[in-house]
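Spelled out, the chains give:
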Amino acid sequence: MEGLASPASDGRYAIHSLRQGILDSDLPNQQTGRPLVPDQFYASDQDQLRSPVSRKKLRLKLKLHGRLYAQAEEASTEDPDDGDSLDEEFEEEFEEEFEEEFGDEETAEVYDPLEGYNRWMHGFNDWFYINVGFPVARGYRWVVPEGGRLAIKRFFHNLIFPVRFVNNLFQLKILNTGEETLRFTINSTVGLLGFFDPAKSWFGLEAHDEDFGQTLGHYGVGGGVPIVLPFLGHSNLRDTFSLYPDYQLDPLHGGSYPNQALNRGTTIYRPDTYQELGVTIFEYVNEYSFRVEEYEAFRKDAIDFYLFLRDGTEQARNQEIKE
Amino acid sequence: MHYLKSFVMTLSLFVLTVPVIQAGDVEDINSMVKKKVAVIFDLLGKQDIEKNERNEKIVGELNEIMDFQLAAYLSLGKHWKKISKTQKKEFVETFQQYINNYIVEKIDLYTNQKIDIGDSKIVKKGRAELEIGILSGGETLQVNFKLRKNKKKEWRVYDVDIEGVSLITTFRSQFSGVLKNSSFEELLEKLKNPTEQS
């Protein structure tokens, strides 16, 4: 183990020399104590590294020796800075360690047969946000203070309670369904039509956002191919189909079931197409007003913004389904 | 008899040391990372120092708790093996620079929202998560710092997870998307000058 006495001022060399020491004992024709160049180690030992069994053995050995060695090394080493120097050992070790965390996403490339259309629609949406949506949202934000915009956001959120109710129920999340119902009752009355959220601030009742796409995901339906929807942005096959049942439950849209029930004999809200469109646009502008900077910041330094949004959306949806 | 004794000894050693190690880990994370995170958010809220100076300080603090080498390796994924050692080195440096710019760009998104730095929890041996809640727009934005203990027994951030969206994974798909159609040099070039695109 003379190899250990060599340039130990650098932590990297220490490890290589250690490896060298072990290998020297394995391969009798090699001299000990010759200059320790990391690459030589790898060249001479490639055959051994190729087989996973011996690789594992080697690693075990290294670990064992490393522990013994670490004590001796501590005194001589000042600051082995592995931030600057690339440590080859780390690849081996990390490959196994991070296999489950990142491995699957690497092997399974996203199947995106509509990529041509998607990229075009993504480009259109992007153009629309930057040139139309966001300027309008900025103007709107200039007029309406944050408190007001938050209240409007809460109002719309409260309004689509039926969507959350039904989908929580579909997923048999009974407690959440109850919590949502309580929230709707409290916020619609004490919370002045949902403009305020006393259910949360006074009673600590949390919202549980669920939609039909999440319900399907909950029962194991995969996202399917990615689809970029006009104006709405990135989605996938499952969530695109799911828009329809949720739309039926959305009280904002006339002719849907809750509306038919609510509007029987009243004329409070029986919108025609234009009104419906107007309300929807208003809702989106209000929503945009919170997200302008966010979108622009991520857009600015993305390497490929389409891929960023596609996979970011997918990850976010998967997280929502899990919750 | 001798074997039995040593077996029991070893077993009790394991049983006794495991919780001790974990408790130490949490303390280490608190002193190494959590403190720094608090310092960073404190700097973020500061309006009285010059912006560039403040941003520089923030990036400096962040660089101390980040493991760029690991982050770069994970972001490149399977392509890491295909490039030479010098390229790897260049990539890690470029990546670090890119991340620093990336962070500076995002700093302005923070406008004194309320921050709740949660407890760190050990995920498994040598891995932990630090949960941070950012109260924004009436909702809590959940940000997770993923930590790994390196060989020097320091806890370092290798990934940031925002509402379930892992930064590394988004880089990973973007990088592999670029590398599908263009060379490694072109990716480096893009990292150096991320241009606006439509």
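Structural data are supplied above this passage.
These numbers were taken from a predicted model, which means no experiment stands behind them.

The rules behind each value
- Residues numbered from 1 in each chain as written.
- Chains lettered and ligands numbered in written order.
- Predicted model: local features only at pLDDT ≥ 70, side-chain atom pairs only at ≥ 80, totals over all residues.
- Heavy atoms only, no water.
- Helix = DSSP H or I, 4+ residues; strand = E, 2+ residues; numbered from the N terminus.
- Buried < 20%, exposed > 50% of the residue type's maximum accessible area, 1.4 Å probe, protein only.
- Contact = heavy atoms within 4.5 Å.
- Areas by Shrake-Rupley, 256 points an atom, 1.4 Å probe, with all protein chains shown as cover.
- Pairing = 2+ DSSP bridges.
- Core = buried A, V, L, I, M, F, W, Y, C linked by side-chain atoms within 4.5 Å.
- Expected span 1.5 Å × (residues − 1).
- Polar contact = N/O pair within 3.5 Å; in protein donor to acceptor, adjacent residues only side chain to side chain.
- Phe/Tyr/Trp six-rings, centres within 6.5 Å; stacked < 30°, edge-to-face > 60°.
- Lys NZ or Arg CZ within 6 Å of the ring centre and 35° of its normal.
- Patch = residues over 30% accessible without salt bridge, like charges linked within 9 Å, V, L, I, M, F, W, Y side chains within 5 Å.
- Salt bridge = Lys/Arg side-chain N within 4 Å of Asp/Glu carboxyl O.
- Axes fitted to C-alpha atoms, helices over the stretch in contact; angles between N-to-C directions.
- Parallel < 35°, antiparallel > 145°, perpendicular 65-115°, else oblique.
- Left-handed = near helix turned anticlockwise from the far one by under 90°.
- Nonpolar A, V, L, I, M, F, W, Y, C, P; charged D, E, K, R; others polar.

**Focus on the overall build of chain B**
Right, so step 1: Scanning chain B from terminus to terminus reveals six helices and five strands.
Right, so step 2: In chain B, the succession of helices and strands from N to C terminus is α-α-α-α-β-β-β-β-β-α-α.
Right, so step 3: Expressed as a percentage of its 198 residues, the buried residues of chain B come to 46%.
Right, so step 4: A separation of at least 24 residues holds for 48% of the contacts in chain B among residues at least 6 apart in sequence.
Right, so step 5: About 10700 Å² of surface is accessible on chain B, with carbon and sulfur atoms providing 56% of the total.

**A word on the pairing of strand E2 (residues 233–236) of chain A**
Residue and element names in this part refer to chain A.
Right, so step 1: Here strand E1 (residues 226–229) pairs with E2 via four bridges, running antiparallel. Looking at the pairing, Ile227 lines up with Ser235 of E2.
Right, so step 2: With antiparallel pairing between neighbouring strands as the criterion, E1 and E2 make up a hairpin whose turn holds three residues, including Phe231 at a positive phi of roughly 70°.

**Regarding unusual backbone geometry**
Residue and element names in this part refer to chain A.
Right, so step 1: Within the chain, Leu193 stands out as a residue other than glycine whose phi angle is a positive 60°.
Right, so step 2: Here Leu193 lies in the loop between helix H10 (174–189) and helix H11 (198–201).
Right, so step 3: We classify Leu193 as exposed; its relative accessible area is 56%.
Right, so step 4: Look at Phe231: it is not a glycine, yet its phi comes out positive at around 70°.
Right, so step 5: Note that Phe231 resides in the loop between E1 and E2.
Right, so step 6: We classify Phe231 as partly exposed; its relative accessible area is 40%.

**Notes on the nonpolar core**
Residue and element names in this part refer to chain B.
Right, so step 1: One finds Val33, Leu76, Phe91 and Phe175 to be the most contacted residues of the largest nonpolar core, which totals 70 residues.
Right, so step 2: Counting residues per element, this core draws most heavily on helix H4 (residues 85–107), which supplies eight residues.
Right, so step 3: Every residue in contact with Leu76, bar those within four places of it in the chain, is listed here: Ile83, Phe91, Phe175, Leu179, Phe184 and Leu187.

**Focus on helix H9 (residues 161–170) of chain A**
Residues and elements named next belong to chain A.
Right, so step 1: By the criterion of burial, H9 is predominantly enclosed, with seven of the 10 residues buried.
Right, so step 2: Considered for burial, the residues of H9 that qualify are Phe161, Pro162, Val163, Arg164, Val166, Asn167 and Asn168.
Right, so step 3: In the stretch just after H9, Leu172 is the one whose phi turns positive, near 60°.

**Focus on helix H16 (residues 305–322) of chain A**
All names here are of chain A.
Right, so step 1: The terminal C-alpha atoms of H16, which comprises 18 residues, lie 25 Å apart, in line with the 26 Å expected from a rise of 1.5 Å per residue.
Right, so step 2: Within the span of H16, buried status applies to Phe305, Tyr306, Leu307, Phe308, Leu309, Arg310, Asp311, Gly312, Gln315, Arg317 and Ile321.
Right, so step 3: For H16, the capping residue at the N-terminal end is Asp304, with a side-chain oxygen 3.2 Å from the backbone nitrogen of Tyr306.

**Thoughts on the packing of aromatic side chains**
Right, so step 1: Within the structure shown, the criterion is met by 34 aromatic pairs over all chains.
Right, so step 2: Each ring, one from Phe161 of chain A and one from Phe184 of chain A, has its centre 4.3 Å from the other, and the planes form 10°; the classification is stacked. One end of the pair, Phe161 of chain A, is in helix H9; the other, Phe184 of chain A, is in helix H10, and 23 residues separate them in sequence.
Right, so step 3: Judged by relative accessible area, Phe184 of chain A falls into the partly exposed class, the value being 29%.
Right, so step 4: Taking 6.2 Å as the distance between ring centres and 80° as the angle between the ring planes, the aromatic pair formed by Phe95 of chain B and Phe175 of chain B counts as edge-to-face. In this pair, Phe95 of chain B is assigned in helix H4 and Phe175 of chain B in helix H5 (residues 167–181), connecting sequence segments 80 residues apart.
Right, so step 5: With a relative accessible area of 1%, Phe95 of chain B lands in the buried category.
Right, so step 6: By relative accessible area, which is 0% here, Phe175 of chain B ends up buried.
Right, so step 7: A cation over a ring is seen here: Arg149 of chain A above Phe290 of chain A, with NZ or CZ 5.1 Å from the ring centre.
Right, so step 8: Just above the ring of Phe290 of chain A sits the side chain of Lys153 of chain A; from NZ or CZ to the centre is 4.8 Å.

**Quick notes on a nonpolar patch on the surface**
Right, so step 1: Among the surface-exposed residues, Leu169, Leu172, Ile174 and Tyr219 of chain A lie close enough to one another that they form a single nonpolar patch of about 440 Å² accessible area.
Right, so step 2: Inspection of the secondary structure puts Leu172 of chain A in the loop between H9 and H10.

**Focus: the environment of Val59 of chain B**
All names here are of chain B.
Right, so step 1: Examined against the element boundaries, Val59 turns out to sit in helix H2 (residues 51–65).
Right, so step 2: The spacing of Val59 and Ile40 is 19 residues in sequence and 8.8 Å in space, taken between C-alpha atoms.
Right, so step 3: Those residues in contact with Val59 that sit more than four places away from it in its chain are Asn100 and Val104.

**As for the packing of helix H8 (residues 146–159) of chain A against helix H15 (residues 273–300) of chain A**
Residue and element names in this part refer to chain A.
Right, so step 1: Axis separation between H8 and H15 bottoms out at 10 Å; the angle between their running directions is 130°. Comparing their axes, H15 and H8 come out oblique. For H8 against H15, the interelement crossing comes out left-handed. Only Val279, Phe282, Glu283, Asn286, Glu287, Ser289 and Phe290 of H15 make contact with H8, whose side of the interface consists of Glu146, Arg149, Leu150, Ile152, Lys153 and Phe156.
Right, so step 2: In the contact of H8 with H15, the residues fall into six nonpolar, two polar and five charged.

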